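Listed here are the chains, written in short residue letters.
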Amino acid sequence: DNEPIGYRQSFIRQIFCYLLTLILSYIFYKFESNDIRESFISSNKGDNISFRLGIEYKESKYIFYSKNFFLHLLFIVLLWVIMDHFIDKNIIFLQYSNFWMFELIFLSLFYKKVFNSKIYIHQKIAIILNIFPFVLKLVVIILSIFDNHLKKIYDKKSLPLIIILYVFYLLLIILKSFINTKIKWYMDIKYISFTKILIYYGLIGTIFHSIISAISSFKECEKTYKSTINIVDFLCENKINDTTTNETIKYLADFKLYFTSYKNIKELLLEIMTVISGSLGFFFYKYFSLIIIKILSPIHIMLANIPLYLFSFIMIIVTYNNLFENDMSISIIILNFIGDAFALIIILIYLEILELNFCNLNLYLRK
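Residues numbered from 1 in each chain as written. Predicted model: local features only at pLDDT ≥ 70, side-chain atom pairs only at ≥ 80, totals over all residues. Heavy atoms only, no water.

(A) Geometry of the overall build of the protein chain. When you go through the protein chain residue by residue, the secondary structure sums to 14 helices and three strands. Going through the 367 residues of the protein chain one by one, you find that 44% of them count as buried. Considering only intrachain contacts with a sequence separation of at least 6, the fraction spanning at least 24 residues in the protein chain is 79%. A total of about 20200 Å² of accessible surface is found on the protein chain, and carbon and sulfur atoms cover 67% of it. (Helix = DSSP H or I, 4+ residues; strand = E, 2+ residues; numbered from the N terminus. Buried < 20%, exposed > 50% of the residue type's maximum accessible area, 1.4 Å probe, protein only. Contact = heavy atoms within 4.5 Å. Areas by Shrake-Rupley, 256 points an atom, 1.4 Å probe, with all protein chains shown as cover.)

(B) Spotlight on the nonpolar core. Within the largest apolar cluster, 30 residues are counted, with the highest numbers of intra-cluster contacts made by W80, Y186 and Y201. Where this core is concerned, the elements lending two or more residues are helix 1 (10–33), helix 4 (67–93), helix 8 (159–188), helix 9 (194–218) and helix 12 (265–295). Each residue touching W80, except ones within four places of it in the same chain, is listed here: I179, I183, I197, L198, Y201, K286 and L290. Core analysis: the second largest hydrophobic core is formed by 26 residues, L107, I306, Y350 and L361 among them. (Core = buried A, V, L, I, M, F, W, Y, C linked by side-chain atoms within 4.5 Å.)

(C) Focus on the side chain of T21. Secondary-structure assignment places T21 in helix 1. Within the local environment of T21, its side chain forms a polar contact with the backbone oxygen of C17, the two atoms lying 2.8 Å apart. T21 has contacts with L198, Y201, G202, F282 and F283, leaving out every residue within four places of it along the chain. (Polar contact = N/O pair within 3.5 Å; in protein donor to acceptor, adjacent residues only side chain to side chain.)

(D) The side chain of K182, seen in detail. By the secondary structure assignment, K182 is in helix 8. Although K182 is buried, it forms no salt bridge, and the closest oppositely charged side chain is D188 at an N-O distance of 13 Å. Not counting residues within four places of it along the chain, the set of residues in contact with K182 comprises H72 and I76. (Lys, Arg positive; Asp, Glu negative; His and termini not counted. Salt bridge = Lys/Arg side-chain N within 4 Å of Asp/Glu carboxyl O.)

(E) Looking closely at the pattern of salt bridges. For the coordinates displayed, the defined rule picks out five salt bridges. K286 is paired through a salt bridge with D84; the nearest N and O atoms lie 2.7 Å apart. With K286 in helix 12 and D84 in helix 4, the pair connects residues that are 202 residues apart, well separated along the chain. Each member of the pair, K286 as well as D84, is classed as buried. Two residues, K294 and D188, come together in a salt bridge whose shortest N-O distance is 3.3 Å. Within this pair, whereas K294 is found in helix 12, its partner D188 is found in helix 8, the two being separated by 106 residues in sequence. On the accessibility criterion, K294 (5% relative accessible area) is buried. On the basis of relative accessible area, D188 is assigned to the partly exposed category, the value being 22%.

(F) Summary view of the packing of aromatic side chains. Applying the stated rule across the entire model yields 19 aromatic pairs. Where Y287 meets F288, the ring centres are 5.4 Å apart and the plane angle is 80 degrees; that geometry is what we call edge-to-face. Residue classification places F288 among the partly exposed positions, given a relative accessible area of 46%. Aromatic rings pair up to connect F28, F194, F283, F284, Y287 and F288 into one cluster. (Phe/Tyr/Trp six-rings, centres within 6.5 Å; stacked < 30°, edge-to-face > 60°.)

(G) Representation of helix 6 (residues 121–128) within the structure. Of all the positions in helix 6, only H122, Q123, A126 and I127 are classed as buried. Along helix 6, the residues classed as buried sweep out an arc of 145 degrees about the axis, all on the same side. (Arc of directions from axis to C-beta.)

(H) Quick look at the environment of K124. Summarising the element assignment, K124 is placed in helix 6. Look at K124 and you get partly exposed, because its relative accessible area is 44%. With 19 residues separating them in the primary sequence, K124 and I105 have C-alpha atoms 9.3 Å apart.

(I) Main features of the packing of helix 9 against helix 12. Closest axis-to-axis distance for the helix 9/helix 12 pair is 10 Å, and the angle between their directions is 140 degrees. Relative to helix 12, the element helix 9 lies oblique. By crossing handedness, the relation of helix 9 to helix 12 is classed as right-handed. Within the contact between the two elements, helix 9 uses F194, T195, L198 and Y201 and helix 12 uses F282, F283, K286, Y287, L290 and I291. Residue composition of the contact of helix 9 with helix 12, grouped by class: eight nonpolar, one polar and one charged. (Axes fitted to C-alpha atoms, helices over the stretch in contact; angles between N-to-C directions. Parallel < 35°, antiparallel > 145°, perpendicular 65-115°, else oblique. Left-handed = near helix turned anticlockwise from the far one by under 90°. Nonpolar A, V, L, I, M, F, W, Y, C, P; charged D, E, K, R; others polar.)

(J) A look at a nonpolar patch on the surface. Nonpolar side chains collect at one region of the surface, where I265, L268, L269, I272, I276, L280, F284 and F288 lie side by side and expose about 700 Å² of accessible area between them. Inspection of the secondary structure puts I276 in helix 12. (Patch = residues over 30% accessible without salt bridge, like charges linked within 9 Å, V, L, I, M, F, W, Y side chains within 5 Å.)

(K) How the structure looks around the environment of I249. In this structure, I249 sits in strand 3 (residues 247–251). For the pair I249 and E220, spaced 29 residues apart in the sequence, the C-alpha separation amounts to 7.0 Å.

(L) Local environment of unusual backbone geometry. Its identity is not glycine, yet N116 carries a phi of approximately 55 degrees, on the positive side. With respect to the helices, strands and loops of the structure, N116 is situated in the loop between helix 5 (103–115) and helix 6. Classification of N116 as exposed rests on a relative accessible area of 70%. Of note, Y191 is a non-glycine position whose phi angle comes to about 55 degrees, a positive value.

(M) Looking closely at the environment of I197. Within the secondary structure, I197 sits in helix 9. Measuring from C-alpha to C-alpha, the distance between I197 and L290 comes to 9.0 Å, with 93 residues separating the pair along the chain. Excluding its chain neighbours within four sequence positions, the residues that come into contact with I197 are W80, I183, Y186, M187 and I192.

Rendered as structure tokens:
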């Protein structure tokens, strides 16, 4: 909040993230399409992964898709873009107690349905064990309502909004599980290159965020004298206080304010560096996530995201200087950490990285 107002327009920043994703994905796709990639595949036949990708790529060159199929793919990618935006906002708003571990349940069900796969006994045990981190997260929410450091987020007056956001977050997790499974299906069954999917993702994301930002630049979300948090605060994160009318103006994005709010060249260069580095991180995160989905499964993405949630506890400690003066705050931190650490163990069991060598729970493990 101490940044200049122009810096806080994450919605406009997302345009550059998706635009760079579009450009780099197209470049990577061209590399896949030329003779260099084919010669690389043929010279690495000992590498099962490279060889399999090469075979699927060559087969996909001779597959023709209907318009309905293509439109359905674009619709899935559009849902992916919208889902990513709202999940990011929910994680920020509910960063202290989000139920991300539920994703394992929905991913397992969708994966079983789409690929006709089996859920073995050790995986069922892992799904059932999710009840423990869920209970811990519920306790964290209750404690957060009465904690002095978290009153801004878990205000009693804002409790209905918090409940709505949790329900919305659960729906987003279901949608995310479906989309990731569907993307796996497009790549494995329909032989669509993950770089081509990433091109569509960058294109639709750029168009979507540009249109919404342009509309928002001419129309604010709300003008109010009240300080109570409502659903508009979740959707429109930028606020300006009008000193003449004492009104608080809330808006999603404003192109004019974004491009004219820099006081000097240093601030402008800092923003350019921030956007470039952030966009590169955004692209490679999506790029490697699709590779993980392609080679392994959508469930392995959860394992890759674990460090993010564990690292959040360090950020909480850094953010609140007087955190350990409050016993309740310490309890929230410890319970959150235990819950996420337990969820990590559950995922390791499900992915057979951690083996349960008792009660015949190791009968169906892969080598």
